Amino acid sequence: MNIGSHLSASKGYLHMAKEAVSIGANTFQFFTRNPRGGSAKKIDENDIQKFLEYTSEHGFAPILAHAPYTLNACSADEKVRDFAFTAMSDDLLRMEYTPNQMYNFHPGSHVGQGAEKGIELIAGLLNRVLTPQMTTTVLLETMAGKGSEIGRSFEELREIIDKTELSDKLGVCLDTCHVYDAGYDIVNDLDGVLEKFDKVLGLGRLKAIHLNDTKNPFESHKDRHEKIGEGHLGLDAVTRIINHPALKDLPFFLETPNDVDGYAREIALLKSLREK
Ligand code: FE
Ligand code: FE
Ligand code: ZN
């Protein structure tokens with residue numbers, strides 16, 4: 001199975017790839033820069049070269065870069081929107097050092113301006129940063145609907161995609177904690193949720209899964225991740241998710257509250273739950 005966890009980027013790309021292998025993973029997720037913003041570390045081309053060799057030798061699945069949480073494409077504050085533009089365009093340039101990978105971001109919070117305005121601003125940013133030449137797939141993450149978050153429904157993501165000119169560069173990352181929190185019942189009706197996803201977005205857009213349990217009950221809109229099997233999704237639902245024919249070949253990324261050893265244990269557990 002294609003599985004990885006969130007890892008610290010502080011020691012570079014090769015280090016992350018080796019750490020992934022050491023915990024039984026064949027991919028990983030990392031922050032492109034400090035999750036609360038700030039500037040990114042300079043690209044070390046030697047590190048990148050070694051990373052590319054190592055990951056091709058070890059048959060890695062695509063890796064997933066995550067934009068900082070503070071990136072809000074639809075803030076009411078122009079300075080915050082400017083940061084979103086600067087950070088994302090810089091991230092996407094850096095991503096081309098590792099071609100054909102994925103970049104995930106939270107669409108944003110409209111902070112009272114309304115979802116329509118928010119969606120317009122998000123698509124507006126994408127229309128400035130996406131280029132026909134880029135090899136990276138940019139993923140919109142499904143959100144829990146905390147506060148004024150955009151992306152609480154498949155329809156909102158659809159609208160962003162429809163308003164984006166180079167929409168062939170876009171995909172979706174489904175976060176299992178977030179969608180359950182948002183009111184998609186993947187515990188009792190996984191098939192129904194995936195049918196809805198297919199109808200609204202098309203399953204072809206689904207490029208990655210954030211595999212998390214949740215601390216809160218259905219439709220809480222809280223976004224608090226829990227360890228695999230220890231939350232309101234539970235191990236049976238997680239087992240159905242990782243084995244579902246529409247999902248099983250996608251890369252799964254753990255964002256559970258764990259240190260690296262905890263991730264290793266969850267990866268071993270999940271592999272043991274895979275149907276042969
Ligand atoms: Fe996220
Ligand atoms: Fe997530
Ligand atoms: Zn989350």
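Our structure is the block above this text.
Starting from 1, residues in each chain are numbered consecutively following that chain's sequence as written. Think of it this way: whatever chain is written first is A, whatever ligand is written first is 1, and the rest follow in order. Note on the predicted model: pLDDT of at least 70 is required for a residue's local features to be given, and 80 or more for side-chain atom pairs to be given and counted; whole-chain, interface and lining totals, by contrast, use all residues. As a rule here, side-chain values cover all heavy atoms of the structure and leave hydrogens and water aside.

J.: I'm lost on the coordination of the iron ion (ligand 1) in this one. Help?
T.: For a metal bound by four donors in a tetrahedral arrangement, the ideal donor-metal-donor angle is 109.5 degrees, while six donors in an octahedral arrangement ideally sit at 90 or 180 degrees. Each metal's donors are the N, O and S atoms found within 2.8 Å of it, except that Na, K and Ca use a 3.2 Å limit; water is left out, so coordination can look incomplete. The protein atoms donating to the iron ion (ligand 1) are H66 (NE2), H106 (NE2) and E141 (OE), with metal-donor distances spanning 2.1 to 2.3 Å. The metal-metal distance between the iron ion (ligand 1) and the iron ion (ligand 2) comes to 3.3 Å, with E141 coordinating both. With a gap of 40 residues between them, H66 in strand 3 (residues 64-66) and H106 in the loop between strand 4 (102-105) and strand 5 (108-109) connect regions that are remote in the sequence. Here H66 matches H106 in class, with each residue buried. Helical segments are the DSSP runs of H or I of at least four residues, strand segments are the runs of E of at least two, and each set is numbered from the N terminus. Per-residue accessibility, obtained with a 1.4 Å probe over protein chains only, is compared with the maximum for each type, and a residue is labelled buried under 20%, exposed over 50%, and partly exposed between these values.

J.: Can you help me understand unusual backbone geometry in this one?
T.: Phi angles above zero are rare outside glycine, and V111 is one such case at about 40 degrees. Looking at where V111 falls in the secondary structure, it is placed in the loop between strand 5 and helix 4 (115-129). In this structure V111 comes out as partly exposed when scored by relative accessible area, which is 48%. Of note, the phi angle at D223 is positive, near 60 degrees, even though the residue is not glycine. Tracing the backbone shows D223 in the loop between strand 10 (213-214) and strand 11 (225-226).

J.: Explanation requested: the coordination of the zinc ion (ligand 3) in the structure shown.
T.: Coordination of the zinc ion (ligand 3) by the protein is provided by H178 (NE2), D223 (OD) and H225 (NE2), with metal-donor distances spanning 2.0 to 2.3 Å. The sequence pattern describing where the donors of the zinc ion (ligand 3) fall on their chain is H-x44-D-x1-H. Between the two metals, the zinc ion (ligand 3) and the iron ion (ligand 1), the spacing is 5.2 Å. Just as D223 is buried, H225 falls in that class too.

J.: I would appreciate a short explanation of the pairing of strand 1 (residues 3-6) in the present structure.
T.: Looking along a regular strand, one sees the side chains alternate between the two faces of the sheet. Pairing analysis gives 3 bridges linking strand 1 to strand 12 (residues 252-254), with the strands arranged parallel. Its bridge partner being in strand 12, I3 is matched across the sheet by F252. The handedness of a crossover follows from its direction of travel: if, with the strands pointing away from the viewer, the path from the first strand over the helix to the second runs clockwise, the crossover is right-handed. Running through helix 1 (residues 13-22), the crossover from strand 1 to the neighbouring parallel element strand 2 (residues 27-31) is right-handed. DSSP-based pairing: two strands are paired if at least 2 bridges between them are found.

J.: Honestly, the packing of aromatic side chains in this entry has me stumped. Any pointers?
T.: How two aromatic rings sit relative to each other is set out by the distance from centre to centre and by the angle between their planes. The aromatic pairing rule takes the rings of Phe, Tyr and Trp, using the six-membered ring of Trp, and pairs them if the centres are within 6.5 Å, calling planes under 30 degrees apart stacked, those over 60 edge-to-face and the rest tilted. Tallied over the full model, the rule gives 10 aromatic pairs. Ring geometry for Y13 and F30: centres 5.5 Å apart, planes at 70 degrees, overall edge-to-face. In this pair, Y13 is assigned in helix 1 and F30 in strand 2, connecting sequence segments 17 residues apart. The burial state of Y13 is the same as that of F30; both residues are buried. Through pairs of rings, three or more aromatic residues link up here, namely Y13, F28, F30, F51, Y54 and F60. Criterion for a charge above a ring: Arg CZ or Lys NZ at most 6 Å from the ring centre, at most 35 degrees from the ring normal. In this structure, R128 is placed above the aromatic ring of F85, and the distance from its NZ or CZ to the ring centre is 3.9 Å.

J.: What is the right way to look at the environment of G147 in this model?
T.: Here G147 is to be found in the loop between strand 6 (137-141) and strand 7 (149-150). Each C-alpha atom, one on G147 and one on H221, is 8.0 Å from the other, the two residues being 74 residues apart in sequence.

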